[in-house]
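Spelled out from the first residue to the last, the chains are:
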Amino acid sequence: MSGTRSDGELLRAIAADADRRAFEELYRRYAPWLAARLRGRCADPAVVDDVVQETFLAVWRGTARYREDVENADAAGWLWRIGSRRLVDALRGDGARGRLRQALARLRHRDEASAEERVLAGVEHGDLAGALVRLSPELRAVLQATVIDGLTTREAAVLLGIPPGTVKTRAMRARKQLREELA
């Protein structure tokens, strides 16, 4: 066998035999690339490092399954989908919201709630929160990716595993439903 194995060969060896050398070769091949791509989405190096580790842990443990017939033998794209989803999970929820609240608290110089704080309170406790909960999971996921995470339509499509046109359609439907409920 030649010295350099293909991505598919490495992934098959990892999945079938828990081949540590294959895993190490795949890691050396893609971890720097994945970290560089993730740094374009997240400025926190600790979060990026954690996401890279979680991505490759999913590969090693077999919780992420590579299928050449489905994934068109594109290991880089497959790893990016895993990593970008892990990044969204890391940034979602109280972590990102808590950091935003802390930043707002440091900037606030008066007792009156800022516009941002009122919006966040509305998202958590007001009519908007209820309207968001009533959206289907598919529509909520598109809003999360495009509005909260700030991804482009194309990036959201990759992240969610759906065509860009579907992202646009779902975003339009979600906005329409929110307008109707909040009117």
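Residues numbered from 1 in each chain as written. Predicted model: local features only at pLDDT ≥ 70, side-chain atom pairs only at ≥ 80, totals over all residues. Heavy atoms only, no water.

### What about the overall build of the chain?
For clarity, the threshold we go by: The way it works is that DSSP assigns letters per residue, a run of H or I at least four long becomes a helix, a run of E at least two long becomes a strand, and they are numbered from the N terminus. Using a 1.4 Å probe on the protein chains alone, a residue whose accessible area is under 20% of its type maximum counts as buried, one over 50% counts as exposed, and one in between counts as partly exposed. Using a 1.4 Å probe, the Shrake-Rupley method yields the accessible areas, and only the shown protein chains count as cover for residues.
Helix and strand counts for the chain come out as 11 helices and 0 strands. Along the chain, from the amino end to the carboxyl end, the secondary structure elements read α-α-α-α-α-α-α-α-α-α-α. The 183 residues of the chain split such that 33% are buried. When the accessible surface of the chain is totalled, it reaches about 11500 Å², and 52% of it is carbon and sulfur.

### Things to note about the environment of Ile 162
One can find Ile 162 in the loop between helix 10 (153–160) and helix 11 (164–182). Given a relative accessible area of 16%, Ile 162 falls into the buried group.

### Quick look at the pattern of salt bridges
Which entries qualify depends on this criterion: Salt bridge criterion: a side-chain nitrogen from Lys or Arg within 4 Å of a carboxyl oxygen from Asp or Glu.
Taken as a whole and assessed by the stated rule, the structure comprises 7 salt bridges. The shortest N-O distance in the salt bridge between Asp 7 and Arg 29 comes to 2.5 Å. Residue Asp 7 is found in helix 1 (residues 7–17), and its partner Arg 29 is found in helix 2 (residues 20–39); the two are separated by 22 residues along the sequence. With relative accessibility at 16%, the residue Asp 7 sits in the buried group. Among the ionic pairs, Arg 41 bridges to Glu 155, the shortest N-O distance being 2.6 Å.

### Side note on helix 1
Residues of helix 1 that are buried: Asp 7, Gly 8, Leu 10, Leu 11, Ala 13 and Ile 14. In the segment just after helix 1, Ala 18 is the residue with positive phi, at about 50 degrees.

### Overview of helix 5 (residues 75–91)
Since there are 3.6 residues in each turn of an α-helix, residues three or four apart along the chain are aligned in direction. Rule in force here: A helix's residues, less one, multiplied by 1.5 Å, set its expected span.
For helix 5, with 17 residues, the first-to-last C-alpha span of 24 Å sits near the 24 Å given by 1.5 Å per residue. When we look at burial in helix 5, the residues that qualify are Ala 75, Ala 76, Gly 77, Trp 78, Leu 79, Trp 80, Ile 82, Gly 83, Ser 84, Leu 87 and Val 88.

### Let's talk about the nonpolar core
Test applied: Think of a nonpolar core as a cluster: buried Ala, Val, Leu, Ile, Met, Phe, Trp, Tyr and Cys residues, connected wherever their side-chain atoms sit within 4.5 Å. Any two residues whose heavy atoms approach within 4.5 Å at even a single point are treated as in contact.
Among the nonpolar cores identified, the biggest contains 26 residues, and Leu 26, Tyr 30, Leu 38, Val 52, Phe 56 and Val 59 are the most heavily contacted of them. Counting only elements with at least two residues in this core, the list comes to helix 1, helix 2, helix 3 (45–61) and helix 5. In this structure, Val 52 is in contact with Tyr 27, Ala 31, Leu 34, Ala 35 and Leu 38, ignoring residues within four places of it in sequence. Counting 10 residues, the second-largest nonpolar core is a separate cluster that includes Val 142, Ala 157, Leu 159 and Val 167.

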